[in-house]
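Residues per chain, in single letters:
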Amino acid sequence: VQLQASGGGLVQPGRSLRLSCAASGRIFGINVITWYRQAPGKQRELVASITSGGSTNYTDSVKGRFTISRDNVKNTVYLEMNSLKPEDTGVYYCNLVVQVTHYTAWGQGTLVTVSS
C-alpha cells in the first residue's frame with residue numbers, strides 16, 4: 001500500500017485547509033494513520049492520529065482546531081485544519097503502521113504555508 005498526501009497550499013491566518021492521505025488500496029488489519037509535520041529547521045512532530053477503529057489523538061497545539069477522520073470505503077484519511085496559525089506552517093506527512101505485520105508507509109508530504 002502506498003500513500004498519497006495532498007491538499008496543502010498557502011493560506012492566510014485564521015483560514016482553513018483540508019489535507020487528504022489516500023491509500024492505493026484497502027488496508028487490512030488493525031492500523032493507525034498519523035499526520036506529522038516538519039517546520040523549517042525543526043524536528044518532525046506528531047500532529048494527529050486515527051486508528052482503524054476510529055480512536056483519535058492530537059497534539060495539544062492543534063486540539064480544538066484540527067480534526068482527523070477516515071473514510072474506509074475511499075481508503076482515505078483527512079485532516080481538517082481550522083483557525084490556522086503561522087506556527088502551523090510546515091510539510092505535512094501521513095504515515096501508516098499496520099499493527100500485526102509492522103508494515104509502515106509514508107506519503108510524500110504536502111506543504112502548508114500560513115502567512116498573511
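Structure: see above.
Parameters at a glance
Residues numbered from 1 in each chain as written. Predicted model: local features only at pLDDT ≥ 70, side-chain atom pairs only at ≥ 80, totals over all residues. Heavy atoms only, no water. Pairing = 2+ DSSP bridges. Helix = DSSP H or I, 4+ residues; strand = E, 2+ residues; numbered from the N terminus. Axes fitted to C-alpha atoms, helices over the stretch in contact; angles between N-to-C directions. Salt bridge = Lys/Arg side-chain N within 4 Å of Asp/Glu carboxyl O. Buried < 20%, exposed > 50% of the residue type's maximum accessible area, 1.4 Å probe, protein only. Phe/Tyr/Trp six-rings, centres within 6.5 Å; stacked < 30°, edge-to-face > 60°. Disulfide = S-S within 2.5 Å. Core = buried A, V, L, I, M, F, W, Y, C linked by side-chain atoms within 4.5 Å. Contact = heavy atoms within 4.5 Å.

### Points about the sheet that holds strand E1 (residues 3-6)
In step 1: Ordered in space as E1-E3-E8-E7, the four strands form an open sheet in which the pairing is antiparallel. In this open sheet, the two edge strands, each paired with only one partner strand, are E1 and strand E7 (66-71). The sheet shows a mean angle of 15 degrees between the axes of neighbouring strands, taken without regard to direction.
In step 2: In terms of strand pairing, E1 meets strand E3 (residues 17-23) through four bridges, oriented antiparallel. Directly across from Leu3, in E3, lies its bridge partner Ala23.

### Description of the pattern of salt bridges
In step 1: Tallied over the entire structure, the rule returns four salt bridges.
In step 2: A salt bridge links Glu45 to Arg37; its shortest N-O distance comes to 2.7 Å.
In step 3: With a relative accessible area of 5%, Arg37 lands in the buried category.
In step 4: A salt bridge links Asp60 to Lys63, with the nearest nitrogen and oxygen atoms 3.0 Å apart.
In step 5: Connected through shared salt-bridge partners, Arg37, Glu45, Arg65 and Asp88 make up one network.

### Concerning the environment of Val114
In step 1: Tracing the backbone shows Val114 in strand E11 (residues 110-114).
In step 2: Classification of Val114 by relative accessible area gives buried; the value is 4%.

### A look at the packing of aromatic side chains
In step 1: Counted according to the given criterion, the structure contains two aromatic pairs.
In step 2: Where Tyr36 meets Trp106, the ring centres are 5.2 Å apart and the plane angle is 45 degrees; that geometry is what we call tilted. Of this pair, Tyr36 sits in strand E4 (residues 31-38) while Trp106 sits in strand E10 (residues 104-106), and the two are 70 residues apart along the sequence.
In step 3: Owing to a relative accessible area of 40%, Trp106 belongs among the partly exposed residues under this scheme.
In step 4: Where Tyr93 meets Trp106, the ring centres are 6.5 Å apart and the plane angle is 85 degrees; that geometry is what we call edge-to-face. Pair noted here: Tyr93 is in strand E9 (residues 90-98) and Trp106 is in strand E10, with a separation of 13 residues, a long-range link.

### Remarks on the state of the cysteines
Here, disulfide denotes a covalent bond that connects the sulfur atoms of two cysteines.
In step 1: Scanning the model with the defined rule gives one disulfide in all.
In step 2: With its sulfur 2.2 Å from that of its partner, Cys21 forms a disulfide with Cys94. Between Cys21 and Cys94, the S-S dihedral sits near 80 degrees, and the bridge is therefore right-handed. Within this pair, whereas Cys21 is found in strand E3, its partner Cys94 is found in strand E9, the two being separated by 73 residues in sequence.
In step 3: Relative accessible area serves as the criterion here: at 1%, Cys21 is assigned to the buried category.

### Digging into the nonpolar core
Buried together is how nonpolar side chains tend to be arranged in soluble globular proteins.
In step 1: Grouped together as the largest cluster of nonpolar side chains are 28 residues, with contacts concentrated most on Trp35, Val47, Phe66, Ile68, Leu79, Met81 and Tyr92.
In step 2: Elements with a minimum of two residues in this core: E1, E3, E4, strand E5 (45-51), E7, strand E8 (76-81), E9 and E11.
In step 3: Setting aside chain neighbours within four positions, we find Tyr92 in contact with Leu19, Trp35, Tyr36, Arg37, Val47, Phe66, Leu79, Met81, Gly109, Thr110 and Val112.

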